[in-house]
Amino acid sequence: MIFFKPTVDTESADTVYFEALENGAAYGSCKLVLSCSRADVCEITCNDDRTYLVEGLIKSAFNYACNKNCYMGYCKGGEFTDILDKMSFEKENGVYFNDIPSILTGNCCKKH
């Protein structure tokens, strides 16, 4: 079973790290930075054979942000732009964004 574990940064409550754990082993992670009603997901990493975890990491982070009263979500995909292109994001100048409810309802496997 896959579990997305949040860990709040000890120096800043506005920074949260998410780990994708499967059978107790970590296979991916991302960093979430909260600022007022804005949430930024950055520093996405994932094992090459488990890129299916990227969408779950992003959605877990934005779900957490939504519960902290953030409305807009932003993401820089780095090497995972192919996955972000299939999700419910708009894209401008290399930055992916949308309102968090729209991001959470989209599915990267359904969008063409």
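Description of the structure in this document.

Rules and cut-offs
Residues numbered from 1 in each chain as written. Predicted model: local features only at pLDDT ≥ 70, side-chain atom pairs only at ≥ 80, totals over all residues. Heavy atoms only, no water. Helix = DSSP H or I, 4+ residues; strand = E, 2+ residues; numbered from the N terminus. Buried < 20%, exposed > 50% of the residue type's maximum accessible area, 1.4 Å probe, protein only. Pairing = 2+ DSSP bridges. Right-handed = clockwise from strand over helix to strand, strands pointing away. Axes fitted to C-alpha atoms, helices over the stretch in contact; angles between N-to-C directions. Phe/Tyr/Trp six-rings, centres within 6.5 Å; stacked < 30°, edge-to-face > 60°. Lys NZ or Arg CZ within 6 Å of the ring centre and 35° of its normal.

1. Let's talk about the environment of Ala 13
Link 1 in the chain: Tracing the backbone shows Ala 13 in the loop between strand 1 (2-8) and strand 2 (15-22).
Link 2 in the chain: Judged by relative accessible area, which is 58%, Ala 13 ranks as exposed.
Link 3 in the chain: Taking the C-alpha atoms as reference points, Ala 13 and Lys 91, 78 residues apart in sequence, are found 28 Å from one another.

2. With respect to the pairing of strand 5 (residues 72-75)
Link 1 in the chain: Bridge count between strand 4 (residues 38-46) and strand 5: 4 bridges; the pairing is parallel. Within the sheet, the bridge partner assigned to Asp 40 lies in strand 5 and is Tyr 74.
Link 2 in the chain: Sheet analysis places strand 5 next to strand 7 (residues 95-99), joined by 4 bridges and oriented antiparallel. When the sheet's bridge partners are listed, Met 72 is paired in strand 7 with Asp 99.

3. A word on the pairing of strand 4
Link 1 in the chain: With 7 bridges connecting them, strand 3 (residues 25-35) and strand 4 associate as antiparallel partners. When the sheet's bridge partners are listed, Gly 28 is paired in strand 4 with Cys 46.
Link 2 in the chain: Linking strand 3 to strand 4, which pair antiparallel, is a turn of 2 residues; within it Cys 36 sits at a positive phi near 55°.
Link 3 in the chain: You can see the chain leave strand 4, run along helix 1 (residues 53-67) and come back into strand 5, and the turn it takes is right-handed.

4. Re the sheet that holds strand 3
Link 1 in the chain: Spatial ordering of the open sheet is given by 1-2-3-4-5-7-6, a layout of 7 strands whose pairing is mixed. Of all the strands in the sheet, just strand 1 and strand 6 (90-92) have a single pairing partner and so form its edges. Across this sheet, the average inter-strand angle for adjacent strands is 25°, counted without regard to direction.

5. Considerations on the packing of aromatic side chains
Link 1 in the chain: This model, assessed by the stated rule, comprises 4 aromatic pairs.
Link 2 in the chain: Judged by centre distance (5.7 Å) and plane angle (80°), the ring pair of Phe 18 and Tyr 64 falls under edge-to-face. One end of the pair, Phe 18, is in strand 2; the other, Tyr 64, is in helix 1, with 46 residues separating them in the sequence.
Link 3 in the chain: Accessibility expressed as a relative area gives 3% for Phe 18, which makes it buried.
Link 4 in the chain: Centroid distance Phe 89 to Tyr 96: 5.9 Å. Interplanar angle 75°. Geometry classified as edge-to-face. Neither residue differs from the other here; Phe 89 and Tyr 96 are each classed as buried.
Link 5 in the chain: Its end group placed over the ring of Tyr 74, Arg 38 keeps NZ or CZ at 3.7 Å from the ring centre.
Link 6 in the chain: Over the ring of Tyr 27 we find Arg 50, and its NZ or CZ is 3.7 Å from the ring centre.

Keep in mind these values describe shape, not function.
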